[in-house]
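# Understanding the architecture of this molecule
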Amino acid sequence: MKIVDVKTYSLVYPVQEPFANAMRWTRERAFGVVEVITDSGITGWGEGATVPARRAIEAQVIGRNPFHNEVIWEGLHKQGTDTAAISAIDIALWDIMGKALDQPIHHLLGGAFRDRVQAYATGLFRRDCADHTAALVAEARGYADAGFKAMKMKVGFGPDYDIKNVAAVRRAIGDDILFAVDANCGYDRGSAIAVGQKLAENNLLWFEEPISADDVEGYVQIRRALNMRISGAEQLRGRWAFRRMIQEGALDIIQPDVCVCGGFTEFRKIAAMASANHVRVIPHMFGTAIRLAATLHLLAALPDAPRALEPFPALLEYDMSENALRTMLAREPISHTDGIVAVPQGPGLGIEINRDLLEKYS
Ligand code: CA
């Protein structure tokens, strides 16, 4: 089998009701999608934060055997291709390999430890409204009523907003729901520690990206100072960026994004490094149905760590924000029931792409 063409799509979805994290307002969502076409009639789909340049595709992808994922990865990287763009190609290669073997990708990754994954609702953004606390409490109660046993709220808006609203949401949802917070790199080291000490009183599952994504020394300092798990690394690209974060003991939990870190091929290397260093892996997921499906295959194939009778759950980040490219790009949408999501069982990624929607948002 040989790759004969690669089509790239730059997708933009305009958001109806803008929302903010600590760094920016989101008014549209942008994603890169690739379609890798082979001479056998099999087509694979991949997603990345960006797509590769035509020159790199022609030099490193076209004419190759799609099973040579390592060779293609190294070739693209050596050529200077953005790792997020390599991710898109790599995911498409695994989709092709699965389809060619008539097996879901998690079978190729070594088999499933689980066929259903507990999801945590990612929402609780800052909205343009008069009473943030009331809006957040209502939204959090909605997730609990929908069956979610875990959720995550955006912080990083200053001590007043964070301390007041995290306490209000924790009170509203009770103590049985897992509750994490995410500052999206909105604090410096000192503020992260000062605010974090107050937030830690709310029995939080983790404090995500308190500071700049690459500040290894800062994360080490914050992790020592705070009595809760520190997570991050969703923006890191390639095994070398993760190496220092993991080996310096900077994070309790790494959150590689399969569409940013380098696809399945690189994610496995990062996860192995984390396992060897007793660091937990909970993938980041904020994208289209392709990223959602890819993340589910990875979660199916991640062993429990530690291998306890009652292990810390393998959690899927379930983005609750409005995005038709997540909810409608796959012909059969991937949805949750009582906060649980089934791992796709069809060949490859296990989804069929809605080409009309792809064209509409291209
Ligand atoms: Ca995040």
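On a predicted model such as this, the values are computed, not experimentally measured, just so you know.

### A look at the packing of helix H2 (residues 69-78) against helix H3 (residues 83-101)
The geometry of H2 relative to H3 is characterised by a closest axis approach of 10 Å and an angle of 165 degrees between their N-to-C directions. The angle between H2 and H3 falls in the class roughly antiparallel. Here H2 and H3 pass one another in a crossing that is right-handed. Contacts from Asn69, Ile72, Trp73, Leu76 and His77 in H2 reach Thr83, Ile86, Ile89, Asp90, Leu93, Trp94 and Met97 in H3. Looking at the contact of H2 with H3, its residues break down into eight nonpolar, three polar and one charged.

### Section: the coordination of the calcium ion
For the calcium ion, the full set of protein donor atoms is Asp182 (OD), Glu208 (OE) and Glu234 (OE), at a range of 2.2 to 2.3 Å. In terms of primary sequence, the donors binding the calcium ion are separated according to D-x25-E-x25-E. Note that Asp182 is positioned in strand E6 (residues 178-182) and Glu208 in strand E7 (residues 207-208), a separation of 26 residues in sequence. Note on Asp182: relative accessible area 1%, which makes it buried. Assessed through its relative accessible area of 0%, Glu208 is described here as buried.

### Here's the deal with the domain arrangement of the protein chain
When cut into domains, the protein chain gives domain 1 (3-102) and domain 2 (107-355). Relative placement of domain 1 and domain 2: their C-alpha centres are 23 Å apart. The interface is formed by 41 residues belonging to domain 1 together with 46 residues belonging to domain 2. The tally of links between domain 1 and domain 2 comes to seven salt bridges. Linking Arg127 and Glu17 is a salt bridge whose minimum nitrogen-to-oxygen distance equals 3.8 Å. For the interface between domain 1 and domain 2, the tally reads 22 residue pairs in polar contact (both at pLDDT 80 or more). Sorting the residues of the side of domain 1 that touches domain 2 by element identifies strand E1 (3-20), strand E2 (25-38), strand E3 (43-48), H2 and H3 as the ones contributing at least two each. No other element matches H3, which puts 11 residues into the side of domain 1 that touches domain 2. Looking at the side of domain 1 that touches domain 2, its residues break down into 21 nonpolar, nine polar and 11 charged.

### What about helix H11 (residues 289-300)?
Across its 12 residues, H11 extends 16 Å between first and last C-alpha, which sits within 8% of the 16 Å expected from 1.5 Å per residue. With 12 of its 12 residues buried, H11 lies for the most part within the structure. Taken as a whole, H11 has its buried residues at Ala289, Ile290, Arg291, Leu292, Ala293, Ala294, Thr295, Leu296, His297, Leu298, Leu299 and Ala300. Capping of H11 at its N-terminal end is provided by Thr288; its side-chain oxygen lies 3.0 Å from the backbone amide nitrogen of Ile290.

### Remarks on the pattern of salt bridges
Tallying each qualifying case throughout the model produces 22 salt bridges. Arg54 is paired through a salt bridge with Asp5; the nearest N and O atoms lie 3.1 Å apart. Here Asp5 lies in strand E1 and Arg54 lies in helix H1 (residues 54-60), a separation of 49 residues in the sequence. Residue Arg54 is classed as partly exposed on the basis of its relative accessible area, which comes to 39%. Looking at Asp5, the relative accessible area reads 26%, which means it is partly exposed. In this structure, Asp95 engages Lys99 in a salt bridge whose closest nitrogen and oxygen atoms are separated by 3.0 Å. Taken together, the residues span about one helical turn, with Asp95 and Lys99 both in helix H3 at a distance of four residues. The network of salt bridges with common partners includes Lys152, Lys154, Asp182, Glu208 and Glu317.

### Describing the sheet that holds E2
Strand order in the open sheet made by the three strands is E1-E2-E3, with antiparallel pairing throughout. Strands with a single pairing partner mark the edges of an open sheet, and in this sheet they are E1 and E3. Across the sheet, the axes of successive neighbouring strands diverge by a mean angle of 20 degrees, strand direction being ignored. Contacting E1, E2 and E3, H3 crosses the sheet at an angle of about 150 degrees to E3.

What counts, and at which threshold
- Residues numbered from 1 in each chain as written.
- Predicted model: local features only at pLDDT ≥ 70, side-chain atom pairs only at ≥ 80, totals over all residues.
- Heavy atoms only, no water.
- Axes fitted to C-alpha atoms, helices over the stretch in contact; angles between N-to-C directions.
- Helix = DSSP H or I, 4+ residues; strand = E, 2+ residues; numbered from the N terminus.
- Parallel < 35°, antiparallel > 145°, perpendicular 65-115°, else oblique.
- Left-handed = near helix turned anticlockwise from the far one by under 90°.
- Contact = heavy atoms within 4.5 Å.
- Nonpolar A, V, L, I, M, F, W, Y, C, P; charged D, E, K, R; others polar.
- Donors = N, O, S within 2.8 Å, 3.2 Å for Na, K, Ca; no water.
- Buried < 20%, exposed > 50% of the residue type's maximum accessible area, 1.4 Å probe, protein only.
- Domains from an automatic or database assignment.
- Salt bridge = Lys/Arg side-chain N within 4 Å of Asp/Glu carboxyl O.
- Polar contact = N/O pair within 3.5 Å; in protein donor to acceptor, adjacent residues only side chain to side chain.
- Expected span 1.5 Å × (residues − 1).
- Pairing = 2+ DSSP bridges.

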